[in-house]
Amino acid sequence: MHAPWLTLLHSYRDPLHHLEREQVCTGCDRLSVGALGPGVSVLEGQTQILRVLKHTVAEAQRGKVNALVFIGDAMEESADALIGAAGELALRGVPAFIFHEGGEDPAGSVFRKIAALTKGAYSQFHAGSAKELRDLLTAVAVFAAGGRKALTDYGKRTGGAALQLTQGFDTR
């Protein structure tokens with residue numbers, strides 16, 4: 001069973017484990033990951049972003065999913081396939097919060113498109129910044145529990161990562 005307020009903090013680089021059971025952060029250094037807790041680890045391998053997106057779509061078909069959290073540094077898959085899967089998330093009302101270590105293209109441009117299409121948010125973070133990543137994840141938890149208004153209010157009160165995420169929302 002998953003918590004509907006925060007569906008995934010999973011790896012797109014984890015071909016060996018079932019996504020519902022593993023919490024994995026790839027593209028994060030061990031210092032950042034350590035701040036997230038003992039159940040989160042770093043794995044290497046080919047990206048599996050499409051697998052994560054499709055898994056989230058399947059979860060959304062079973063019940064309400066308030067947010068997808070994705071943490072990564074690279075993209076090795078078809079941009080068209082990823083954008084198509086993001087469209088399925090958008091149709092189910094699941095915003096994707098994409099946290100991108102480094103921010104380099106082509107991954108950055110595709111990650112921004114996924115966030116915009118799903119009415120989520122995109123944010124870069126710096127390797128080694130456990131506090132920055134923790135603050136971003138806290139902001140998503142506020143969003144998932146209370147929606148955009150709660151995150152906007154929280155961002156105005158606390159500034160930092162929460163405010164950065166509200167500025168990253170697609171306002172169309």
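Notes on the structure in this doc start here. (Residues numbered from 1 in each chain as written. Predicted model: local features only at pLDDT ≥ 70, side-chain atom pairs only at ≥ 80, totals over all residues. Heavy atoms only, no water.)

**Regarding the side chain of Thr118**
Here is step 1: Checked against the element boundaries, Thr118 lands in the loop between α4 (107–117) and β6 (121–125).
Here is step 2: Residue Thr118 is classed as buried on the basis of its relative accessible area, which comes to 5%.
Here is step 3: Within polar-contact distance, the side chain of Thr118 engages the backbone nitrogen of Ala96 at 2.9 Å. (Helix = DSSP H or I, 4+ residues; strand = E, 2+ residues; numbered from the N terminus. Buried < 20%, exposed > 50% of the residue type's maximum accessible area, 1.4 Å probe, protein only. Polar contact = N/O pair within 3.5 Å; in protein donor to acceptor, adjacent residues only side chain to side chain.)

**Structural notes on the nonpolar core**
Here is step 1: By size, the foremost hydrophobic cluster in this structure holds 23 residues, and its most contacted members are Leu53, Leu82, Ile98, Phe111 and Ile114.
Here is step 2: The set of elements that each furnish at least two residues to this core consists of α2 (49–62), β4 (68–72), α3 (79–91), β5 (96–101) and α4.
Here is step 3: At 6 residues, α2 tops the list of elements feeding residues into this core.
Here is step 4: Within the second largest apolar cluster, 18 residues are counted, among which are Ala139, Val140, Leu151 and Leu165. (Core = buried A, V, L, I, M, F, W, Y, C linked by side-chain atoms within 4.5 Å.)

**What to know about the pairing of β6**
Here is step 1: In terms of burial, β6 is largely enclosed, as 4 of its 5 residues are buried.
Here is step 2: Relative to β6, β5 is paired through 5 bridges, and the arrangement is parallel. Counted as the bridge partner of Phe99 is Ser123 from β6.
Here is step 3: Crossover connection from β5 via α4 to parallel β6: handedness right-handed. (Pairing = 2+ DSSP bridges. Right-handed = clockwise from strand over helix to strand, strands pointing away.)

**Points about the pairing of β5**
Here is step 1: Burial analysis of β5 places 6 of its 6 residues in the buried class, the great majority of the element.
Here is step 2: Here β5 shows two buried faces, one formed by Ala96, Ile98 and His100 and the other by Phe97, Phe99 and Glu101.
Here is step 3: In the sheet, β4 pairs with β5 via 5 bridges, with the strands oriented parallel. From the neighbouring strand, Phe70 faces β5, where its bridge partner is Ile98.

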